[in-house]
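An overview of the molecular structure
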Amino acid sequence: MTPTPPASIPGVSRETLDRLTCFADLLVRWTAKINLISPGDVPHLWERHILDSLQLVSLIERGTRVTDLGSGGGFPGLIIAIAADAEVTLVESDRRKAAFLREASRATGCRTTVVNQRIEAANVPPAPVVTARALANLSQLLTWTEKLVTDDGYALFLKGQQAADELTNAERDWHMTVTHIPSRTPGGTILKISDIRRV
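Residues numbered from 1 in each chain as written. Predicted model: local features only at pLDDT ≥ 70, side-chain atom pairs only at ≥ 80, totals over all residues. Heavy atoms only, no water.

It is worth spelling out unusual backbone geometry at this point. In this structure, the amide linkage connecting phenylalanine 75 to the following residue, proline 76, adopts the cis form with an omega of -5 degrees. As for its position among the elements, proline 76 is in the loop between β1 (65-69) and α3 (77-83). Backbone geometry places aspartate 85, a non-glycine residue, at a positive phi of 50 degrees. Mapped onto the elements, aspartate 85 comes out in the loop between α3 and β2 (87-91). Its identity as a non-glycine residue notwithstanding, alanine 134 has a phi of 50 degrees, on the positive side. (Helix = DSSP H or I, 4+ residues; strand = E, 2+ residues; numbered from the N terminus.)

Here it is, written out as structure tokens:
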């Protein structure tokens, strides 16, 4: 059963909330067949996944191009496509998850391109914004992002309690400018990273 959406979300129009609800309904139906989110997360879908991903929308200029790495069930890439009217490339190596992303994009009227390849093999032009959530450690994310972000662009990574340790490790090999943005998720943080280059 699909959890009830919030009556309203600050800064989100009724039309956008309707599209997010359409996405949520589809995700719950597909999760019964493939592992998009854990079954235990379904009752908390809005709080743990959709609202968590929505945090990035205010950090992205409307209509910009975004590349989302390891899109999985659509977090945060498809949520950004819905709520920021962004043109989003969703990179996902799992064939069944890629099929879900295509169907969810169609159902919600998003401007997306689904690239069903491993990130390191994906032939994707650099974008002004690169995003990822619950995908890999920061050093690995930077390795992927370096070739996928424009010179004046930036990355937005939703990170948990290990963010500080991951930053310390990454700084051995990478130069970057980092802004820490508070997350609505307890123990979490959003890392906005620009000027990415190897030391």
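What follows concerns the environment of serine 71. With respect to the secondary-structure elements, serine 71 resides in the loop between β1 and α3. As a C-alpha pair, serine 71 and isoleucine 37 span 34 residues in sequence and 12 Å in three-dimensional space. Filtering out sequence-adjacent residues up to four positions away, serine 71 remains in contact with Leu90, Val91, Glu92 and Leu101. Looking at serine 71, its side chain comes within polar contact range of the side chain of aspartate 68, at 2.8 Å. (Contact = heavy atoms within 4.5 Å. Polar contact = N/O pair within 3.5 Å; in protein donor to acceptor, adjacent residues only side chain to side chain.)

Time to look at the environment of alanine 7. Considering the arrangement of structural elements, one finds alanine 7 in the segment before α1 (14-31). Judged by its relative accessible area of 66%, alanine 7 is exposed. Residues alanine 7 and leucine 17 lie 10 residues apart in sequence; the distance between their C-alpha atoms is 8.9 Å. Not counting the four nearest positions on each side in its chain, alanine 7 is found in contact with Arg14 and Leu17. (Buried < 20%, exposed > 50% of the residue type's maximum accessible area, 1.4 Å probe, protein only.)

In this section: the environment of asparagine 137. Looking at where asparagine 137 falls in the secondary structure, it is placed in the loop between β4 (127-133) and α5 (138-145). Residue asparagine 137 is classed as partly exposed on the basis of its relative accessible area, which comes to 43%. Setting aside residues no more than four positions away along its own chain, asparagine 137 makes contact with Lys159 and Glu166. Of the polar contacts made by the side chain of asparagine 137, one reaches the backbone nitrogen of glutamine 140; its length is 2.9 Å.

Attention shifts here to the packing of aromatic side chains. Inspection of the entire model under this criterion finds 3 aromatic pairs. With a centroid separation of 6.1 Å and an interplanar angle of 55 degrees, the aromatic rings of phenylalanine 23 and phenylalanine 100 are classed as tilted. A residue pair is termed long-range when its members are at least 10 positions apart, and phenylalanine 23 in helix α1 and phenylalanine 100 in helix α4 (residues 95-108) qualify at 77 residues. Summarising the burial analysis for this pair, phenylalanine 23 and phenylalanine 100 share the class buried. Grouped by ring-pair contacts, the aromatic residues Phe23, Trp30, Phe75 and Phe100 constitute a single cluster. Its end group placed over the ring of tryptophan 30, lysine 33 keeps NZ or CZ at 5.1 Å from the ring centre. Positioned over the ring face of tyrosine 154 is lysine 192, at 4.5 Å from the centre of the ring. (Phe/Tyr/Trp six-rings, centres within 6.5 Å; stacked < 30°, edge-to-face > 60°. Lys NZ or Arg CZ within 6 Å of the ring centre and 35° of its normal.)

Read these as layout, nothing more, since geometry by itself doesn't imply function.
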